[in-house]
Amino acid sequence: IHLNHSMRGAESKRDFIFVKALAKNMGLKFIGNTVNAPEIIKKEKGSAQDIARNIRYNFFEDAAKKYKAGKIATAHTLDDNAETVLMRIIKGTSLKGLRGIPFARGIFIRPLLEIKKAEIERYAKQNKIKFIADSSNKSTKYLRNKLRLKLLPVLQKYNPRVKQELARLAMSAGRDEDYLEQETEKAYKKALLDSGKNNAVFNLNKINKLPDALKTRIFLKAIECLKGESSGFYSYHLEDILNLI
């Protein structure tokens, strides 16, 4: 499956044709589509990369429903995960953000997440497997590319295994986060007295008996239930809610 975002002109068309031909040679069904992502990005709020990603994933999910696909495999690598964790650390993140890219989320699976990009490219060359590169990966106007091209090479001078260590941190944080999410779910149900479209009421005595880590998570879960997401809330909001409690 391949979506042409029309963001790189002739190169975008080249990628589409390459994937279609590759699928044909392998005897696989090809599912492709072309959208004018630049026009959509002009009309919507948010970063160009995030909007393009949402368009792409919606297309993937629609195709999965149409063809009754149980899983969608993406090619995220260990490098992608390391870059994601580093980017979140620089921007500011929580334990949830440190978990990086999950191995599985819904119907999406990432079987190459523990493999370095260099290993995949070496395998492709050794086995004469054709592949093409996205030229926008060389542009430093995107933060991820800046980290990949400028910061990570510097960090590797201090620790040649920094990518593997960042990926390991993501796995460790992910395990802890999974446990805390389970505990939050149980505590949320026990403390919740009433909820409606615009409110959530909790038993203050039960909330006060919980550790601060669960108090803040219950607050964020309540926000997500009320407005569909918890974006826009930061560490100082969590400190405020702890003080109020």
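Read on for a plain summary of the structure. It should be emphasised that the depicted structure is a prediction, and the values quoted were computed from it without experimental measurement.

## Some thoughts on the overall build of the chain
Scanning the chain for helices and strands turns up 11 helices and seven strands. C-alpha atoms of the chain, sized along the principal axes, occupy 65 × 45 × 35 Å. Out of the 245 residues in the chain, the part that is buried amounts to 30%. Total accessible area on the chain stands at roughly 16,300 Å², and carbon and sulfur atoms take up 54% of it. Between the averaged position of the 48 positive side-chain charges in the chain and that of its 27 negative side-chain charges there is a distance of 6 Å.

## Notes on the pairing of strand E6 (residues 192-195)
Bridge count for E6 against strand E7 (residues 200-202) is three bridges, and the pairing is antiparallel. Note on E7: the bridge partner recorded for Ser 195 is Ala 200. Here E6 folds back onto E7 in antiparallel fashion, the turn holding four residues.

## Comments concerning the sheet that holds strand E5 (residues 108-109)
Spatially, E3-E5-E4 is the arrangement adopted by the three strands of the open sheet, whose pairing is mixed. Among the strands making up the open sheet, the edge pair consists of strand E3 (72-73) and strand E4 (104-105).

## Side note on the layout of surface pockets
Think of a ball as big as a water molecule: rolled over the atoms, this probe shows where empty space is left. Volume-wise, the second largest pocket comes out at about 240 Å³. Ala 200, Phe 202, Phe 219, Ala 222 and Ile 241 are, among the 13 residues lining the second largest pocket, the residues nearest its centre. In terms of residue count, the dominant contributor to the lining of the second largest pocket is helix H10 (residues 212-227) (six residues). Grouping the amino acids of the lining of the second largest pocket by side-chain chemistry returns 11 nonpolar, one polar and one charged.

## Some remarks on the side chain of Ser 12
On the secondary structure map, Ser 12 appears in helix H1 (residues 10-26). Looking at Ser 12, the relative accessible area reads 4%, which means it is buried. Those residues within four positions of Ser 12 in sequence are excluded, and the remaining contacts are Asn 4, Ser 6 and Met 7.

## Focus: the pattern of salt bridges
Side chains that differ in sign of charge can pair as their charged atoms come close. Under the counting rule described, the total for this entry stands at 18 salt bridges. In this structure, the salt-bridge partner of Arg 14 is Asp 15, at a minimum N-O distance of 2.8 Å. On the accessibility criterion, Arg 14 (34% relative accessible area) is partly exposed. Residue classification places Asp 15 among the buried positions, given a relative accessible area of 8%.

## Some words on the environment of Asp 79
Tracing the chain through its elements places Asp 79 in helix H4 (residues 78-91). Taking the relative accessible area as the measure of exposure, Asp 79 reaches 8% and is therefore buried. Separated by 10 residues in the primary sequence, Asp 79 and Ala 69 place their C-alpha atoms 27 Å from one another. Once residues lying within four places of it in the same chain are set aside, the contact partners of Asp 79 are Ile 115, Lys 116, Lys 117 and Lys 163.

## Describing the nonpolar core
A general feature of soluble globular proteins is that nonpolar side chains tend to end up buried together. Residues Leu 3, Ile 55, Phe 59, Phe 60, Ile 72 and Phe 108 are the most contacted members of the largest nonpolar core, which totals 14 residues. For this core, the secondary-structure elements that each account for two or more residues are helix H2 (37-43) and helix H3 (48-66). The leading source of residues in this core is H3, at seven residues. Aside from chain neighbours lying at most four places away, what touches Leu 3 is Asn 33, Thr 34, Val 35, Ile 55, Arg 56 and Phe 59.

## Describing the packing of H4 against helix H7 (residues 143-158)
Their axes nearest at 10 Å, the elements H4 and H7 cross at an angle of 95 degrees. When the interaxial angle is binned, H4 and H7 end up roughly perpendicular. Only Leu 143, Arg 144, Leu 147, Arg 148, Leu 151, Leu 152 and Leu 155 of H7 make contact with H4, whose side of the interface consists of Asp 80, Glu 83, Thr 84, Leu 86, Met 87, Ile 90 and Lys 91. Residues of the contact of H4 with H7, tallied by class, amount to eight nonpolar, one polar and five charged.

## Points about a nonpolar patch on the surface
On the surface, Leu 22, Met 26 and Leu 28 cluster together to form a nonpolar patch covering roughly 300 Å² of accessible area. Among the secondary structure elements, Leu 22 is positioned in helix H1. Looking at Leu 22, the relative accessible area reads 36%, which means it is partly exposed.

Basis of the calculations
- Residues numbered from 1 in each chain as written.
- Predicted model: local features only at pLDDT ≥ 70, side-chain atom pairs only at ≥ 80, totals over all residues.
- Heavy atoms only, no water.
- Helix = DSSP H or I, 4+ residues; strand = E, 2+ residues; numbered from the N terminus.
- Buried < 20%, exposed > 50% of the residue type's maximum accessible area, 1.4 Å probe, protein only.
- Areas by Shrake-Rupley, 256 points an atom, 1.4 Å probe, with all protein chains shown as cover.
- Lys, Arg positive; Asp, Glu negative; His and termini not counted.
- Charge placed at Lys NZ, Arg CZ, Asp CG, Glu CD.
- Pairing = 2+ DSSP bridges.
- 1 Å grid on protein atoms, 1.4 Å probe; cavity = no way out; pocket = protein on both sides within 12 Å on 5 of 7 lines; lining within 4 Å.
- Points joined across faces, edges and corners; volume = space filled by probe spheres on them.
- Nonpolar A, V, L, I, M, F, W, Y, C, P; charged D, E, K, R; others polar.
- Contact = heavy atoms within 4.5 Å.
- Salt bridge = Lys/Arg side-chain N within 4 Å of Asp/Glu carboxyl O.
- Core = buried A, V, L, I, M, F, W, Y, C linked by side-chain atoms within 4.5 Å.
- Axes fitted to C-alpha atoms, helices over the stretch in contact; angles between N-to-C directions.
- Parallel < 35°, antiparallel > 145°, perpendicular 65-115°, else oblique.
- Patch = residues over 30% accessible without salt bridge, like charges linked within 9 Å, V, L, I, M, F, W, Y side chains within 5 Å.

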